[in-house]
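Here are the chains, one letter per residue:
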Amino acid sequence: MIEQFAIEGRKIGGNHCFIIAEIAQSHDGSLGMAHAYIDAVAKTGADAIKFQTHIAEAESSAHEKWRVKFSPQDTTRMDYWRRMEFTFEQWIGLKRHAEEMNLIFLSSPFSYEAFELLDQIGVSAWKVASGEVNNEPFLKKMAATKKPMLISSGMSELKELDIAVSIAENFGTKYAVMQCTTEYPTSASRVGLNLIEDFKNRYNCPIGYSDHSGLVCTGIAAYTLGATILENHITMSREMFGPDVSSSLTTNEFKNLVDSVRFLEIAKSNPVDKDIQSGSLEKIKSIFSKSLFLKEKLKKGTIIMDEHLCMKKPGGGIHPNHIDKIIGKKMKIDLNKDEMILHQHIE
């Protein structure tokens, strides 16, 4: 039995899909843009908005070389992380704004200091970034708070995921595991939708999918395969600047994803029984099915032959399946060409 839980009253598991809009660094260090994303995400119908909390001095060093050249504004990666920082008061403002827009505020911490900041402002769950899953001391700090942990698997082997899950379980902390591929954008051959079922069989928790494909269809497929959490990067436009734009959905695409999943939630919650359904189909069946009609005028006493009959819409008369029971019968009255033949017309 999968252990379900809730974040701020919103169910994780079951037929409801918890949908997260990942901002990451799409705000490019602009507080105004970060607030604009909150307004945009609220219009999509997502459950939560997720940022990343970076404190450069606590997280990075001069030795970090990854993605240094993508931005003409930053000489080093440390410069970039500094530009992504917000103050404690600014984070409080972002959280308050999200809550006003009926969004759950989440942010992934990337250092102890970021964890303490987010814990102090009162995040209700931890989104564990892929690169932190093998950081056992960090996981223990999160698990010790008893706040639910959403564990992203992008950079983890199964043995590392097993350890992360065991840490959550040892603290009695609710958790979910999310299939993720750390490839921006993720190619079709690397999406790993098969792992949703594998994780469902391996872990006693809700399974999610964190998408970097930049396509709406991938998240929809993940939901139909059993993912009950979806996380997608979001961007205002494909023309926006930033390292995650190619793996993001636009705001319109994100709304399409949410609307599609909400439609499927209703579909999955309402199984159809074809036998029970058939009773409600009589009216529409009478419109689209056919009855027996006369090809020509027949007089009273005429023996009905196959060549006298045709099949036309609407239904409601003698069904074509009963044609053999009509052939050989005698007409009781005169009936014109193109008239529906009924049982009272024959002897």
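One can find the structure itself at the top, above this paragraph.
About the criteria used
- Residues numbered from 1 in each chain as written.
- Predicted model: local features only at pLDDT ≥ 70, side-chain atom pairs only at ≥ 80, totals over all residues.
- Heavy atoms only, no water.
- Buried < 20%, exposed > 50% of the residue type's maximum accessible area, 1.4 Å probe, protein only.
- Helix = DSSP H or I, 4+ residues; strand = E, 2+ residues; numbered from the N terminus.
- Arc of directions from axis to C-beta.
- Contact = heavy atoms within 4.5 Å.
- Patch = residues over 30% accessible without salt bridge, like charges linked within 9 Å, V, L, I, M, F, W, Y side chains within 5 Å.
- Areas by Shrake-Rupley, 256 points an atom, 1.4 Å probe, with all protein chains shown as cover.
- Salt bridge = Lys/Arg side-chain N within 4 Å of Asp/Glu carboxyl O.
- Expected span 1.5 Å × (residues − 1).
- Polar contact = N/O pair within 3.5 Å; in protein donor to acceptor, adjacent residues only side chain to side chain.
- Pairing = 2+ DSSP bridges.
- Right-handed = clockwise from strand over helix to strand, strands pointing away.

Caption draft 1: View of helix α6 (residues 136-144). Restricting attention to buried positions, one finds in α6 the residues Phe138, Leu139, Met142 and Ala143. Here the buried residues of α6 occupy an arc of 135° about the axis, which is enough to place them on one side. Looking at the buried positions of α6, the neighbouring elements they touch are β5 (104-109), α5 (112-121), β6 (126-128), β7 (149-152) and α7 (158-170). Phi for Lys146, located one or two positions after α6, is positive at around 65°.

Caption draft 2: Quick look at a nonpolar patch on the surface. Together, Ile284, Ile287 and Phe288 make up an exposed nonpolar region whose accessible area comes to about 310 Å². Position of Ile284 relative to the elements: it lies in helix α12 (residues 282-288). Take Ile284: its relative accessible area is 43%, and that puts it in the partly exposed class.

Caption draft 3: Spatial organisation of the environment of Ala227. In this fold, Ala227 is placed in the loop between α9 (216-224) and β10 (229-235). Sequence separation between Ala227 and Ser210 is 17 residues, and the spatial gap between their C-alpha atoms is 9.7 Å. Those residues in contact with Ala227 that lie beyond four places of it in its chain are Cys17, Ile196, Ile207, Gly208, Tyr209 and Ala222.

Caption draft 4: Structural detail: the pattern of salt bridges. For the coordinates displayed, the defined rule picks out 18 salt bridges. For Lys95, the salt bridge goes to Glu99, with nearest N and O atoms at 2.5 Å. With Lys95 and Glu99 both in helix α4 (residues 88-100), this residue pair falls four residues apart, about one helical turn. Assessed through its relative accessible area of 12%, Lys95 is described here as buried. A relative accessible area of 38% means that Glu99 is categorised as partly exposed. Two residues, Glu157 and Lys159, come together in a salt bridge whose shortest N-O distance is 3.8 Å.

Caption draft 5: Spotlight on helix α1 (residues 31-44). Relative to the 20 Å expected for 14 residues at 1.5 Å per residue, α1 spans 21 Å between its end C-alpha atoms, a close match to the ideal helical length. Considered for burial, the residues of α1 that qualify are Ala34, Tyr37, Ile38, Ala40, Val41 and Thr44. The inward-facing, buried residues of α1 abut β3 (18-24), β4 (48-53), α4, β10 and α10 (251-269). Positioned one or two residues after α1, Gly45 has a phi angle of 90°, which is positive.

Caption draft 6: Focus on the side chain of Glu265. Its location among the elements puts Glu265 in helix α10. Engagement of the side chain of Glu265 in a polar contact is seen with the side chain of His16, the distance being 3.5 Å. Setting aside chain neighbours within four positions, we find Glu265 in contact with Asn15, His16, Cys17 and Tyr223.

Caption draft 7: Representation of the pairing of β10 in the model. The buried fraction of β10 is high, at seven of seven residues. Here β10 shows a buried face lined by Ile229, Glu231, His233 and Thr235 and a second buried face lined by Leu230, Asn232 and Ile234. With five bridges connecting them, β3 and β10 associate as parallel partners. Bridged to Glu22 within β10 is His233. As defined by bridge partners, strand β9 (residues 207-211) adjoins β10 across four bridges and the pair is classed as parallel. The partner of Gly208 across the bridge, within β10, is Ile229. With α9 bridging β9 and the parallel β10, this β-α-β connection has right-handed handedness. Where β10 and strand β11 (residues 249-250) come together, two bridges link them in parallel fashion. What sits directly across from Ile234, in β11, is Leu249.

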